[in-house]
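So you can see what is in the structure, the chains are spelled out below.
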Amino acid sequence: MTDQRIEGTATEIGGKVQSGLGNLTGDSKLQADGKFNEIKGKAKDFYGQAVDKLETLVDKAPVQYQDKARAGVDFARNKPLLTTGIVAGLALILSRAGRRR
């Protein structure tokens, strides 16, 4: 289990507590902050799951490619925002390339 999954679960639980306290006290800002933290926690957990799956794929890769693949997974683990931006940019480029006539 990656650190992102642990942090994500903790953030999600904290957000649920915040949201619940906001409901009890009628504090709409606390409710909104709690909902934001719930979503943030779910996103971190999802990212951690993706990194876990990548690690599993690296173990199944041919031996000559495993070192480079591990370096890529380490990059993804250490720089999640940059990795997400790169993947989103590639997805945008590929989707635009598919629409050309």
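Definitions and limits used
Residues numbered from 1 in each chain as written. Predicted model: local features only at pLDDT ≥ 70, side-chain atom pairs only at ≥ 80, totals over all residues. Heavy atoms only, no water. Helix = DSSP H or I, 4+ residues; strand = E, 2+ residues; numbered from the N terminus. Rg over C-alpha atoms; globule rule 2.2 N^0.38 Å. Buried < 20%, exposed > 50% of the residue type's maximum accessible area, 1.4 Å probe, protein only. Contact = heavy atoms within 4.5 Å. Areas by Shrake-Rupley, 256 points an atom, 1.4 Å probe, with all protein chains shown as cover. Lys, Arg positive; Asp, Glu negative; His and termini not counted. Charge placed at Lys NZ, Arg CZ, Asp CG, Glu CD. Salt bridge = Lys/Arg side-chain N within 4 Å of Asp/Glu carboxyl O. Expected span 1.5 Å × (residues − 1). 1 Å grid on protein atoms, 1.4 Å probe; cavity = no way out; pocket = protein on both sides within 12 Å on 5 of 7 lines; lining within 4 Å. Points joined across faces, edges and corners; volume = space filled by probe spheres on them. Nonpolar A, V, L, I, M, F, W, Y, C, P; charged D, E, K, R; others polar. Core = buried A, V, L, I, M, F, W, Y, C linked by side-chain atoms within 4.5 Å.

Draft legend 1. Local environment of the overall build of the protein chain. Scanning the protein chain from N- to C-terminus turns up 4 helices and 0 strands. Counting from the amino terminus, the protein chain carries its helices and strands in the arrangement α-α-α-α. Its C-alpha atoms give the protein chain a radius of gyration of 18 Å, more than 25% over the compact-globule value 13 Å for 101 residues. Each of the three principal axes of the protein chain carries a C-alpha extent, and together these read 60 × 40 × 15 Å. Put simply, the protein chain has 101 residues, and 22% of those count as buried. In the protein chain, 53% of the contacts between residues at least 6 apart in sequence involve partners at least 24 apart. Of the accessible surface of the protein chain, which amounts to about 7,600 Å², a share of 62% is contributed by carbon and sulfur atoms. Charge separation in the protein chain, taken as the distance between the mean sites of 17 positive and 12 negative side-chain charges, equals 10 Å.

Draft legend 2. Local environment of the pattern of salt bridges. Using the criterion set out here, one finds 9 salt bridges in the structure. Note that Glu-7 and Lys-44 form a salt bridge whose closest N and O atoms lie 3.3 Å from each other. Remark: Lys-44 occurs in helix H2 (residues 28-60) and Glu-7 occurs in helix H1 (residues 3-25); sequence separation between them is 37 residues. On the basis of relative accessibility, which here comes to 28%, the residue Lys-44 falls in the partly exposed class. Asp-33 is the salt-bridge partner of Lys-29, the closest N and O atoms lying 3.1 Å from each other.

Draft legend 3. Molecular detail of H1. Given a rise of 1.5 Å per residue, 23 residues ought to cover 33 Å, and the 33 Å separating the end C-alpha atoms of H1 matches this to within 8%. Every buried residue of H1 is listed here: Gln-4, Gly-8, Thr-11, Glu-12, Gly-15, Ser-19 and Gly-22. For H1, the secondary structure elements touched by its buried residues are H2 and helix H3 (63-78). Directly beyond the C-terminal end of H1, a positive phi value near 80° is found at Gly-26.

Draft legend 4. The layout of surface pockets, seen in detail. Looking at the largest pocket, its volume works out to about 470 Å³. Taken together, 17 residues form the lining of the largest pocket, with Ala-43, Tyr-47, Pro-80, Leu-81 and Thr-84 sitting closest to its centre. Secondary structure elements with two or more residues in the lining of the largest pocket: H1, H2, H3 and helix H4 (80-99). Taken together, the residues that form the lining of the largest pocket break down as 10 nonpolar, 3 polar and 4 charged.

Draft legend 5. Structural context of the nonpolar core. Residues Tyr-47, Val-51, Val-58, Val-73 and Ala-76 constitute the largest nonpolar core, which totals 5 residues. Sorting the residues of this core by element identifies H2 and H3 as the ones contributing at least two each. Residue contributions to this core peak at 3 residues, all from H2. If we skip the residues at most four places from it in the chain, Val-51 touches Thr-2, Val-73 and Arg-77.

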